[in-house]
Every structure is written in C-alpha cells, then in structure tokens.
Amino acid sequence: MQRHLRLAASLGLVLLAAACSDIPTAAPEAQLQQVDVSSSIVAGTCTNLVQLNALAAQIFTRESSPNINSVLGKLKELDKLVKKGKIREAKRQAAEIVAFTLKKSKKKGRGRDRDRDRDRDRERENEGGLGGTPAQLKAFTNAVLCFAGIDIEVVLPANSFLVMPADTQQVLTDTTGNIGVQFPADPVAEPTLITFAVVPDTFTQPGGGPLDTKLDQYPGFIVITKTSESNAPLSKPVVVGVCATGAIPQIVRDRLRLGHGASTGFEVTPSASADFIQCPNLVADAGPAPLWQRLASALLPQQLHAFQNESFGGGVGGTVTEFSPFAPVDPQLEFGGGVGGTVTEFIRVPAPGVPTPRKKGTPLNRPSIVADPCAAATVGSTVTPACEPFIVVRTRMGTLLENVPVTWSVTGGNGSVAGRSGTCGSFGANAISLTGVNGRAGACWTLGTTAGLNTIRATPGAGGDAPDGVVFVPASRDFSMTGTADVPANLEIVQGDPQFDQTPFVAVAIPPVVRLTDRFGNAVSGERITWNPFPSSIGGGGSASPLESFTDADGRASTIWVIGDGYNHMWAYLFVGETKLYVDFRALTDH
C-alpha cells in the first residue's frame, strides 16, 4: 500500500509539472537504499494506460530510439496482457520496457575518450538519446513496473540497470565509467535491478574506508545493490571493476585488489581482469616520506607531487557472487622485528671494558667481548626475554594488525620453540603465536645442546585482521643465535699419559694435551689450565712450560714437560666454582 501511495504521489507531481511547464523541474535524488520486498503488488491497480502514455511522452520523442510510437505500442500491449490476467507475460513485457529505457537513458562515449573532444562530440552523443528529467525517468520506469505487478523500485535511474534472465554477456558501467560489472550470459533468475552508487571519500584516517578491514583502503569506494521480487541470488559469478582514484604510488597501484564487504564478512575477492573499464592513472612520484622528512616538513612544508600518465589502465577487478560495498585495498602486509641475533632491533648494552679480575675458584672470563648481547647464548638455555625474537605485522600505512597467526619453526640447531602469550607455551619443533594489539608476536626459544648456529623461522599467515588473499613481505623471517658451550664439566687427557723409557732431564716425547668440555660434550675454549709437575722419585727435578695455558677452539691445551730421573707425575687442573677438575700425567725414565 505504501508503494502505491508513493507512486501515486510521484506520478501526480511529475504529471502536474509537465502540465505547468515545458521544462519540468527535476526532483531531488533519493539516497541509495536496499528495497525490501515484503508484499506483491496487484497488477493494473497503481496506474493506467493513459498515465503511462503521458509519462512516456515526457522522455520519448519521434527522434529518440526507440521512438514514442514504438513505446506507446509496447505500453498498449502491456495493458492488454494485464487486462487478460496474463501477469507472467505482462511482467516480462514491463521488464523489457524498463530495461531498454534505462539503457537508452545513459550517455554514450564513456571510458578512454570521455573527456576528449567533449564539445565536438556532445551532439553525436545525444543523437537518438532520451529526453526528460531524472525524476520523469524514475516516474515512468517505476509506473511500468508497478502496473505489471513487479514490486521493485528504481531509485537512481542514471546509475540503474534492469538485468534480464536471458541477457547475453554484457558490461554495465556507471555514469562516470569508474564502476563496472561484467555479466556473463543468463546472469539472473528473474528481472533484477542493479544500482551503482559512489561513496564519497570523507575518511580522514590514512587507509580508512567503508569496508570493515584494517587493510589499507584507497578511494574508489562504491556500493552496488541488487533488487528483485524474490531477492534471488545471482545465477553466475560476475566481475566487478572499480577505478582507484587519487595519487597512489605505482608500486601500490599495481598490486591493489578488490575488497568486498560480503554478507559473510570482509574478503579479498579472487582477482579478475577489469580491463572493461578505463581508469586515468594518477600516481604519486614518491612513497611515504621517512620520519626525518616528515619532521622536517613541519618546518619546511613541501607539496606532494603527482602526475597523470598519458595512457589509461584497467580497473581493480574481482569475481563475486553477491553485491555489496567495494573498495580497492592493498593486500600486502609488511612485517619486521628483531633480536635473536638480528640487526633490525637494538637494545641498550653496557659499554665494553676491562674484564673484572677473576677470583680463585671462578671460571675465567672469555677473552673476547660480544658486542651484540643477543648474538649468542649458552647451549641448552632458554633465550632471555630481552633477546627473544619477535615480529610486528603492519600495513604500508602503518596500521597494526591483531590476532594474525605466526608459525615459529626450528630450522637449525635442534632447539625448541614456544609461542609467547604473556608466558611461554609448550616447547617443540614448531609453535604458533598471535599478534597482539601492538601487532607484535613473539616466541620463547631454547637453544639446542650442540654448540654452533641455531636458527628459527617466523612465517605469518592469514587470520585475525589478515584475511585470506593477503601477501606478506617478506614471506618469512629467519632469526639466528650462536649456542656457546656451557660451563666446564669434564677434563680429559688427549695424549701424553703414560710414557715409559723416557730420557731424564729432557722433555717427554709426547707433549701432554688435555681437552675441556661441558656437560653436553661441547668443547670449552678460553679457559686457563694450570700445569703442576711434581719432583721425580729419584733425581728430583721436573718442570712445565708454560705453567698455565688456555684451551683453544677445540677445548685443548698443552705444555712442554721436562721430567727428572725415575717416576714422574704432573697434574693439569682448573677450578669451576668450588669444584676442581684435574687429570694426572705419569712418566718413567729408562733407568
């Protein structure tokens, strides 16, 4: 009933305007809305043939194509079908009248040359076109639909199309040519009204837009609505194309994808060619300025330079099965991070100085100074929180993404890893953690028990604020840390014990050699070994040179041992805390 009242009022106003003036005043355009189909209209009750003919005369002329006589004939046939109760045929006839009326009302000459030679081509573009105002066009099309009992309403005739079930493949674009839909043949199950609307770019936050996503959105925001009597879905997928507008760096423009506010939530649509629309390519000549330049620009403002390519490019396209708000989005996400042996994150470390003198009974300080405190850790130990690896996921414009899953995998050193969420989770060869509100995901890391290089890899994936279809750059990130030997635990003789038939008062034939290892069997280097020779049982004497030596990279240390006559022995030892590690070398002269 409300539809009848609205239509009656609209018809009355349009017909009254036609009677009072040769040039009717256009009514304000209504806002785009989704039409609710709640009840059927009784065909033939909302208007009559006389009113339809009067409305048709306002937009069709003898010179238009089709001309007024052709349209009046089709309306007469429609009236006969309604009066005979052949409503199905009447609906088909009405839909065909509205479909070609909306198509013929569109201006020609869109696309690549729409802004060229406009004055010269204006007359040619309007040749065979329709007259009337948008309000008159809306009144006529809605009256035809209502007369046949079709309960859908044309709101924006300039950007509306009625798509028919038996249509062949076609491309429909809005009046600007910046929005388009490529329909396959037989695209719908019933006459379906398609309406385009541009969403004004009023979003002040970088990357802001109408879609519910944290991905960077670029202007080219549109809404496409579909209305039919039963709201039947599209019979086949279609391709939507939009033009990304504004100054966009070319590297970003080339990777833009179509974002879709689908009924199931935001999605990045499957990529499809949108060459059926032609878009002016306005690009920025530089990307976002680094921080120091942005700070400098506060004092020395500089204008952003942009330029338009001479050629036009295709739009941003995607395959969809339903219509909704759309926008070009940047699917590329950046992630960085640091520590764990990397150089992208810096932490404050004490300035290197002179090693503190060692007290008796404590391990010797390592002779080398590690500049990066996160470059190495003891084998078998869990990396300190300050050195735990982490990544941060963000968009190009700096929006941080939350709840993005990051897989951590041990790739070298046979250590173990766990996701960090406040505390460490379960350790294993693989683990998963989610980015927090700061876009950061971290991992706890226990190094393997073998000294040497340990590596793990962080690989982010779709999830949370990162929908399917995003691309991470880089695809993964490796972190490394060197596992160094634990404290000394074992001292063993490598060679030089026992030795018989040695010549007194000269060095033994085989120099004594020891090897120092930790509890895992790793060589411990840089530790001081003390050599303590005892007097021989007969002739006294016995000496070692040097009396102290340091273990090398393989944990080995040696000395030259000169023995006295008779039975000789010598200790090699060091203290680890209060524990003394030692071995005893023996030698006997030949008489």
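Higher on the page you've got the structure.
Scoring rules and cut-offs
Residues numbered from 1 in each chain as written. Predicted model: local features only at pLDDT ≥ 70, side-chain atom pairs only at ≥ 80, totals over all residues. Heavy atoms only, no water. Patch = residues over 30% accessible without salt bridge, like charges linked within 9 Å, V, L, I, M, F, W, Y side chains within 5 Å. Areas by Shrake-Rupley, 256 points an atom, 1.4 Å probe, with all protein chains shown as cover. Salt bridge = Lys/Arg side-chain N within 4 Å of Asp/Glu carboxyl O. Lys, Arg positive; Asp, Glu negative; His and termini not counted. Charge placed at Lys NZ, Arg CZ, Asp CG, Glu CD. Helix = DSSP H or I, 4+ residues; strand = E, 2+ residues; numbered from the N terminus. Buried < 20%, exposed > 50% of the residue type's maximum accessible area, 1.4 Å probe, protein only. Expected span 1.5 Å × (residues − 1). Pairing = 2+ DSSP bridges. Axes fitted to C-alpha atoms, helices over the stretch in contact; angles between N-to-C directions. Polar contact = N/O pair within 3.5 Å; in protein donor to acceptor, adjacent residues only side chain to side chain. Contact = heavy atoms within 4.5 Å. Core = buried A, V, L, I, M, F, W, Y, C linked by side-chain atoms within 4.5 Å. Arc of directions from axis to C-beta. Disulfide = S-S within 2.5 Å. Phe/Tyr/Trp six-rings, centres within 6.5 Å; stacked < 30°, edge-to-face > 60°. Lys NZ or Arg CZ within 6 Å of the ring centre and 35° of its normal.

Trainee: Give a description of a positive patch on the surface that names residues and reports values.
Mentor: There is a patch of like positive charges on the surface, built from K76, K80, K84 and K86. With respect to the helices, strands and loops of the structure, K84 is situated in the loop between α3 (68-83) and α4 (87-105). Note on K84: relative accessible area 61%, which makes it exposed.

Trainee: Describe helix α6 (residues 134-147), naming the residues involved and giving the relevant values.
Mentor: With 14 residues, α6 ought to run about 20 Å at 1.5 Å a step, and its terminal C-alpha atoms sit 20 Å apart, in line with that. Of all the 14 residues making up α6, 13 are buried; the element is thus mostly covered by neighbouring parts of the structure. Where α6 terminates, the next one or two residues include G149, which has phi positive at roughly 85°.

Trainee: Outline the sheet that holds strand β26 (residues 528-533), supporting the account with residue identities and numerical values.
Mentor: The five strands lie next to each other as β24-β32-β31-β26-β28, forming an open sheet whose pairing is mixed. A single partner strand is all that each edge strand has here, and the edge strands are β24 (499-502) and β28 (548-550). On average, adjacent strands in this sheet sit at an angle of 25° to one another, irrespective of strand direction. Sheet topology note: the strand β31 (residues 567-576)/strand β32 (residues 579-589) ladder contains 10 bridges and is antiparallel. Looking across to β32, one finds that V576 is bridged to T579.

Trainee: Break down the side chain of R255 for me, citing the residues and quoting the values.
Mentor: With respect to the helices, strands and loops of the structure, R255 is situated in the loop between α7 (250-253) and β7 (257-262). Of note is the side chain of R255, whose polar atom sits 2.8 Å from the side chain of D330. Beyond its immediate sequence surroundings of up to four residues, R255 is in contact with D330, P331, Q332 and R396.

Trainee: Break down the sheet that holds β7 for me, citing the residues and quoting the values.
Mentor: With antiparallel pairing, the six strands of this open sheet are ordered in space as β1-β4-β5-β11-β7-β8. Each end of this open sheet is capped by a strand with a single partner; those strands are β1 (160-163) and β8 (265-268). The sheet shows a mean angle of 25° between the axes of neighbouring strands, taken without regard to direction. The pairing of strand β4 (residues 192-198) with strand β5 (residues 222-227) spans six bridges and is classified as antiparallel. By the bridge assignment for β5, T195 is matched with T225. Sheet strands touched by α4: β1 and β4. Its angle to β1, the strand with the most contacts, is close to 145°.

Trainee: Explain the side chain of E190 residue by residue, including any values.
Mentor: Structurally, E190 can be placed in the loop between β3 (179-183) and β4. Despite its burial, E190 pairs with no opposite charge, the nearest such side chain being K226 at 6.5 Å. A distance of 2.6 Å separates polar atoms of two side chains, one belonging to E190 and the other to S230. Sequence-distant contacts of E190, that is, excluding residues within four places in its chain, are made with V163, P165, S228, E229, S230, N231 and A232.

Trainee: Any chance you could break down the environment of P498 for me, citing the residues and the numbers?
Mentor: Counting through the fold element by element, P498 comes out in the loop between β23 (490-495) and β24. Separated by 14 residues in sequence, P498 and P512 have C-alpha atoms that sit 9.7 Å apart.

Trainee: Please give an account of the nonpolar core that cites residues and values.
Mentor: Counting 35 residues, the largest nonpolar core has L215, L333, I391, V393, W408, F472 and M481 as the members making the most contacts within it. Where this core is concerned, the elements lending two or more residues are β8, β11 (325-329), β12 (332-338), β14 (390-394), β15 (405-412), β19 (440-446), β20 (452-460) and β22 (477-484). Sorting elements by how many residues they give to this core places β14 first, with four residues. Residues within four places of V393 in sequence aside, it is in contact with L333, E334, F335, T399, L400, L401, T435, G439 and F472. Listed in part, the 33 residues of the second largest apolar core include I68, A94, F140 and M164.

Trainee: So what's going on with helix α2 (residues 49-59)? Residues and values would help.
Mentor: Those residues of α2 that sit buried are L52, L55, A56, Q58 and I59. All buried residues of α2 fall inside an arc of 155° around its axis, so they share one side. Capping the start of α2 is the job of one residue whose side-chain oxygen sits 3.1 Å from the backbone nitrogen of V50: N48.

Trainee: How would you sum up the state of the cysteines? Please name residues and give values.
Mentor: Simply put, disulfide is the name for a covalent bond between the sulfur atoms of two cysteines. On inspection of all chains with the given rule, the structure shows four disulfides. Bridging C46 to C146, the disulfide has an S-S length of 2.2 Å. Placement of C46 in the loop between α1 (2-20) and α2 and of C146 in helix α6 is noted, with a sequence separation of 100 residues between them. Here C374 pairs with C387 through a disulfide, and the sulfurs are 2.1 Å apart. Taking the sign of the S-S torsion, about -75° here, the bridge from C374 to C387 comes out left-handed.

Trainee: A description of the packing of aromatic side chains should follow, citing residues and the corresponding values.
Mentor: We describe a pair of aromatic rings using the distance from one ring centre to the other and the angle between the two ring planes. Scanning all chains against the criterion turns up nine aromatic pairs. Between F203 and F221 the ring centres are 5.4 Å apart and the planes differ by 90°, which places this aromatic pair in the edge-to-face class. Of this pair, F203 sits in the loop between β4 and β5 while F221 sits in the loop between β4 and β5; the two residues are 18 residues apart in sequence, bridging distant segments of the chain. Ring centres of Y573 and F575 lie 6.2 Å apart, and the angle between their planes is 85°; this geometry places the pair in the edge-to-face category. The class of Y573 is buried, set by a relative accessible area of 18%. Take F575: its relative accessible area is 26%, and that puts it in the partly exposed class. Linked through ring pairs, F534, W571 and Y582 together constitute an aromatic cluster. Taking the ring centre of Y582 as reference, the NZ or CZ of K580 above it sits at 5.8 Å.

Trainee: Got a sec to walk through a nonpolar patch on the surface? Specific residues and values, please.
Mentor: Together, F500, Y567 and L588 give the surface a local cluster of nonpolar side chains, amounting to about 300 Å² of exposed area. Within the fold, F500 resides in strand β24. Its relative accessible area of 54% is what places F500 among the exposed residues.

By themselves these figures say nothing about function.
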